[in-house]
Amino acid sequence: MAEQNAYHSLTTQQTLDVLKTDPEGLTTAEADKRRERFGRNLLKEGKRKTLIQRFAEQFANVMILILIVAAVISLFMGEVTDAVIILGVVVINAVLGVLQESKAEKALEALKKMSAPFVRVKRDGQADRIKTEALVPGDIILLEAGDVLPADVRLLETASLKIEEAALTGESVPAEKDASFVGQVDTVLGDRVNMAYSGCNVTYGRGTGIITSTGMETEVGRIAGHLTETEATVTPLQIKLAELGKILTIGILAIAGIVFAVGMLNGHELLEMFLTAVSLAVAAIPEGMPAVVTIVLAMGVQKMAKRHAIIRKLSAVETLGCTQIICSDKTGTLTQNRMIVKEVFLNGREEPVEEFDADDPGEKEFVDGFLLCNDSKSTVDETGKQKWIGDPTETALVEFAVSKGFHKDSREAKHPRVDEIPFDSDRKLMSTVHPFNGKWRFITKGAPDILLDRCTHILFNGEVIPITEEHRKTIVLGNRAMAQKALRILALGIKALDSFPEGLKPEKDESGLVFVGLIGMMDPPRPEAREAVKICRDAGIRPIMITGDHKETAAAIAKDIGILNEGDVIITGAELSNIPDDEFEKTVGNYSVYARVSPEHKVRIVKAWKKDGKVVAMTGDGVNDAPALKASDIGVGMGITGTEVSKGVSDMVLTDDNFATIVTAVEEGRKVYGNIRKAIQFLLSSNLGEVLTLFVATLMNWTILFPIHILWVNLVTDTLPALALGMEPAESGLMKRKPRNLKESFFADGVGISILYQGVAEGLLTLAAFFVGYTGWSPETGITMAFASLALIQLAHSMNARSATESIFKLGFLKNRYLLGAIGIAATLQISVIAIPGLNTIFRVTHLTGVQWVWVAGLSIAIIPIVETVKFFKRLFRKYGNMDGKEQ
């Protein structure tokens, strides 16, 4: 057998020899033998995880494991209520995680659906229809317009054959196929015009081919293999939370160890001090933190769904926020994935479409010619609107004519096609014959250089005159100018015939033409793409274009929308293949545009950026994008034009296929991370206050708080404000900042210092409340005032947590109504458990008098002026350049 995927470098006869078959096909017996050897033409399924496995994976997290240990110890200590509450939090977290769908499974299912169920094949010398799964290498298949390729094929014969390969190569225009072509071994996939690939569609013409690869050996099969081979990436937030979990674990164990040692030195019982140390550890764990992070992310998901971005994986919300590189496919993502007419060349000059006057006689001939020499067909979509199907180039010509007041159906009714010479890739021309005013008109369209050689006259300002060398030079220059703009150009020629031309022959009839003009088309950028690219750059995000299209086309689009700037380099897949991995990893920053690339190239590009420490997002809509979508930190699929494969492996799907929606998603991601950081800072400073209170109480041999008090505060009065902080509006200038550094600690930018001083302040205020109650009234009153103050101090502090530097009086109290509601609810619950008979018995507290409540209120509110004073000095230092003023 030939080297894998090298059939494009063999002649048709060599391919037949290698695969040991002939143009009449295999015998049924031989096909059966090969099926035993190669297997059925199906994609293999990856090993699916069971529900139990998925559920178990949710517990592979340091914080979750700490909570489980705390629950077990609480149960051992007889604190059943505490254990149930903690385990409830853990189980809810696990259930939310399991609800996330498996990307690889969905992608494989979609890949399987792409295969056509039946195919026409030659067996035993006869044409027959068989199931695609029964195909084997060496089978001869017959192709025609409308067929979906069931496997990879080396073409043996082609007649005007065009195959749409956008999902695999990224090219918006169907590829013209040529069975006689013989490429090099390293010819890139998009240039293998003698091959046809599984899952692609035949849009025009017909052909025969020999099956070279089936199942997992096809290009699509290899992509399916990449999907199962690509390792799942760990998100930045997961890294930070794991880091935080480790720090908390070490800190908790250290504090518990110190308390245990001090107690033993003071002569306390071993068991007593062990239980005390465990109580302190339970107090130090922010039980609500995993739930807060999950729910804040989920709220971000809901907001983004309203803004046309569907998140398939919660962690993707935050990952978007620190994206540094966006690798985007061109076709259908940055462009509209449809050809439109941009320029025409008539009467020796270029003119934009907007200036085209269809009432001019010469221009009418121009539109008529492209409308009649055209195979597009009319249909009606679900909304009842007329649309055109066929080759995208031809449908663009029809839509252009319609926009100028012409109607294909009425023109064809008046001038029906009576004969034709179909397009083929050798002569690059198509010709048709129509009745016109009692005579016949021969219309030819095709490649400008070839058609111009067949012309003897030119239509100039409505008159037919002999074509001169000066005319030819002007036309060549016009063609060159259009080509430099990456336009796809067609020329039109006509001639009048007195009698009907019998037995049309290209060499005889496609000559003596009258040159009418040139028309230039392109797949244009999306209108919003330019602004989206600009915002990306302002936000410190670098956009990269990766496409299967030609270098010139890619460069033109990239310059137009601002991706390719002065000094940036464009590189092709063939050039990239010659660069070793270690060298490419050093130079990947030089390239802004990649053209004519294969799926392996895309994965390689993503991996090179990731090796450089960058957070990479990959947008795409085709099958070819799937491995890179999965290999990237965040895959962004297109909901409308995207294949089910690309959507299946994406972390986020854009329902409007709008590149600008990514910018919105990045902003939301940044906001979500900032809010999670605020919520965690709030929770940890609150827990530090609790730990400090208990630590001092243990050293002083006081009883200040019971375990149920700590759990109540951590899971109710802490959690509600923390969730509300997740709803804090985005800060001004959020998209003018550079992406945060992944190596930056969660405690960077003063977050760690803020947690320490705020925790100490909360602890001291709680101890003060206990001291006032204990000395002024009784130990029970001291415990109750400490419990009330601890919760209310934290509720007041949640207002401070809205910003690391801005005053809450400048932020305004009404901008986050969720926080006001959370404080109101939590405060009501806290007062209720103290004031309502029965509840205070459960919580082991007593009633407080009016004076005692005034003391509690005053100490609780005191946290605000303390933090406001620190913020004032922060702003002062920032003003004089001593601090960078980053928000925590």
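Residues numbered from 1 in each chain as written. Predicted model: local features only at pLDDT ≥ 70, side-chain atom pairs only at ≥ 80, totals over all residues. Heavy atoms only, no water.

**Focus on the overall build of the chain**
In terms of regular secondary structure, the chain is built from 36 helices and 26 strands. Looking at the 888 residues of the chain, the share that counts as buried comes to 56%. Summarising the internal contacts of the chain: among those between residues at least 6 apart in sequence, 72% fall at separations of at least 24. Per element, the accessible surface of the chain, about 37200 Å² overall, is 58% carbon and sulfur. (Helix = DSSP H or I, 4+ residues; strand = E, 2+ residues; numbered from the N terminus. Buried < 20%, exposed > 50% of the residue type's maximum accessible area, 1.4 Å probe, protein only. Contact = heavy atoms within 4.5 Å. Areas by Shrake-Rupley, 256 points an atom, 1.4 Å probe, with all protein chains shown as cover.)

**Observations concerning the packing of helix 35 (residues 850–861) against helix 36 (residues 863–879)**
In a packed pair of helices, the relevant descriptors are the angle between the two axes and the axis-to-axis distance. Viewed as axis vectors pointing N to C, helix 35 and helix 36 meet at an angle of 15 degrees, and their least axial separation amounts to 4 Å. Classified by the angle their axes make, helix 35 and helix 36 are roughly parallel. Contacts from L859, S860 and I861 in helix 35 reach I863, I864 and P865 in helix 36. (Axes fitted to C-alpha atoms, helices over the stretch in contact; angles between N-to-C directions. Parallel < 35°, antiparallel > 145°, perpendicular 65-115°, else oblique.)

**With respect to the confidence of the model for the chain**
Confidence along the chain averages 83 in pLDDT terms, with 88% of residues attaining 70 or more. Within the chain, the element-level pLDDT minimum falls on helix 6 (residues 103–113), averaging 42, and the maximum on helix 35, averaging 96. Segment residues 100–116: pLDDT under 50, and 46 contacts once partners within four positions in sequence are set aside and those in other chains are kept. Here residues 882–888 is modelled with pLDDT under 50, and outside its nearest four sequence neighbours on either side it reaches 26 contacts, counting other chains as well. (pLDDT = per-residue confidence, 0-100.)

**A word on the pairing of strand 1 (residues 118–123)**
Residues of strand 1 alternate between two faces, with V119, V121 and R123 buried on one and F118, R120 and K122 left unburied on the opposite face. One ladder, built from 6 bridges, connects strand 1 with strand 2 (residues 126–131); its direction is antiparallel. Bridging across to strand 2, V121 finds its partner in D128. Counting the residues in the hairpin turn of strand 1 and strand 2 gives 2 residues, including D124, whose phi is positive at 55 degrees. Sheet topology places strand 1 next to strand 3 (residues 140–144); 2 bridges connect them, and they run antiparallel. What sits directly across from V121, in strand 3, is I141. (Pairing = 2+ DSSP bridges.)

**A few points about the pattern of salt bridges**
Enumeration according to the criterion identifies 40 salt bridges in this entry. Of the charged contacts in the structure, one is a salt bridge between D498 and K439, with a shortest N-O distance of 3.4 Å. Pair noted here: D498 is in the loop between strand 19 (488–497) and helix 19 (506–509) and K439 is in strand 16 (residues 439–446), with a separation of 59 residues, a long-range link. Each of R307, E668 and K671 takes part in a single network of salt bridges with overlapping partners. (Salt bridge = Lys/Arg side-chain N within 4 Å of Asp/Glu carboxyl O.)

**Remarks on the packing of aromatic side chains**
Within a pair of aromatic rings, the relevant descriptors are the distance that separates the centres and the angle that separates the planes. The final tally for this structure, using the stated rule, is 13 aromatic pairs. Ring centres of W440 and F500 lie 5.1 Å apart, and the angle between their planes is 70 degrees; this geometry places the pair in the edge-to-face category. With W440 in strand 16 and F500 in the loop between strand 19 and helix 19, this pair connects stretches of sequence that are 60 residues apart. The exposure class assigned to F500 is partly exposed, which follows from its relative accessible area of 26%. Considering the side-chain rings of W702 and F770, the 5.6 Å spacing of their centres and the 35 degrees angle between planes classify their relative orientation as tilted. With W702 in the loop between helix 27 (659–699) and helix 28 (707–717) and F770 in helix 30 (residues 751–776), the pair connects residues that are 68 residues apart, well separated along the chain. (Phe/Tyr/Trp six-rings, centres within 6.5 Å; stacked < 30°, edge-to-face > 60°.)

**Details of helix 33 (residues 817–835)**
Helix length check: helix 33 (19 residues) gives 27 Å between terminal C-alpha atoms against 27 Å at 1.5 Å per residue, within 8%. If you check which residues of helix 33 are buried, you get L819, A822, I823, A826, A827, Q830, S832, V833 and I834. Capping of helix 33 at its N-terminal end is provided by N816; its side-chain oxygen lies 3.2 Å from the backbone amide nitrogen of Y818. (Expected span 1.5 Å × (residues − 1). Polar contact = N/O pair within 3.5 Å; in protein donor to acceptor, adjacent residues only side chain to side chain.)

**Examining the side chain of D139**
Structurally, D139 is set in the loop between strand 2 and strand 3. The exposure class assigned to D139 is buried, which follows from its relative accessible area of 0%. Side-chain polar atoms of D139 contact the side chain of R123, separated by 2.7 Å. Excluding its chain neighbours within four sequence positions, the residues that come into contact with D139 are L26, V121, K122, R123, A134, G209, I210 and I211.

**Some remarks on the nonpolar core**
Counting residues in hydrophobic clusters, the biggest one holds 138 residues, and the most contacted among them are F515, M545, M652, I680 and F787. Take this core: its biggest share by element is 16 residues, from helix 27. Those residues in contact with F787 that sit more than four places away from it in its chain are L705, H709, W712, V713, Q830, V833, I834, F843 and V845. Ranked by size, the runner-up nonpolar core spans 54 residues in total, among them I130, I544, V588 and V597. (Core = buried A, V, L, I, M, F, W, Y, C linked by side-chain atoms within 4.5 Å.)

**Comments concerning helix 35**
With 12 residues, helix 35 extends 17 Å between its outermost C-alpha atoms, agreeing within 8% with the 16 Å of an ideal straight helix rising 1.5 Å per residue. Turning to helix 35, its buried residues are Q852, V856, L859 and S860. Buried residues of helix 35, viewed axially, fall in a sector of 105 degrees; they line one side. Seen from the buried face of helix 35, the exposed residues on the opposite side, beyond 90 degrees, are G850, V851, V854 and I861. Those residues of helix 35 that are buried lie in contact with helix 30, helix 31 (779–800) and helix 36. (Arc of directions from axis to C-beta.)

**Concerning the packing of helix 31 against helix 33**
It is the contact of helix 31 with helix 33, at a shortest axis distance of 10 Å, that shows an interaxial angle of 180 degrees. Viewed along their axes, helix 31 and helix 33 adopt a mutual orientation that is roughly antiparallel. Taken together, the residues of helix 33 that come into contact with helix 31 (itself represented by T784, F787, A788, A791, L792, L795, S798 and M799) are L819, I823, A826, A827, Q830, V833 and I834. Taken together, the residues that form the contact of helix 31 with helix 33 break down as 12 nonpolar, 3 polar and no charged. (Nonpolar A, V, L, I, M, F, W, Y, C, P; charged D, E, K, R; others polar.)

**What to know about the pairing of strand 24 (residues 616–620)**
In terms of burial, strand 24 is largely enclosed, as 5 of its 5 residues are buried. Going residue by residue along strand 24, you find V616, M618 and G620 tucked away on one face and A617 and T619 tucked away on the opposite face as well. Sheet topology note: the strand 9 (residues 325–329)/strand 24 ladder contains 4 bridges and is parallel. If you follow S328 over to strand 24, its bridge partner there is T619. Of the pairings in the sheet, the one linking strand 24 to strand 25 (residues 634–638) comprises 4 bridges and is parallel in character. Across the sheet, residue T619 finds its bridge partner in strand 25, namely V636.

**Structural notes on a nonpolar patch on the surface**
A cluster of nonpolar side chains, contributed by F872, F873, L876, F877 and Y880, occupies part of the molecular surface with about 520 Å² of accessible area. Note on placement: F872 falls in helix 36. Taking the relative accessible area as the measure of exposure, F872 reaches 43% and is therefore partly exposed. (Patch = residues over 30% accessible without salt bridge, like charges linked within 9 Å, V, L, I, M, F, W, Y side chains within 5 Å.)

**Here's the deal with the environment of I255**
Inspection of the secondary structure assignment puts I255 in helix 9 (residues 236–265). Here the alpha-carbon distance between I255 and A281, two residues 26 residues apart in the chain, equals 7.7 Å. Not counting residues within four places of it along the chain, the set of residues in contact with I255 comprises L280, V691 and F695.

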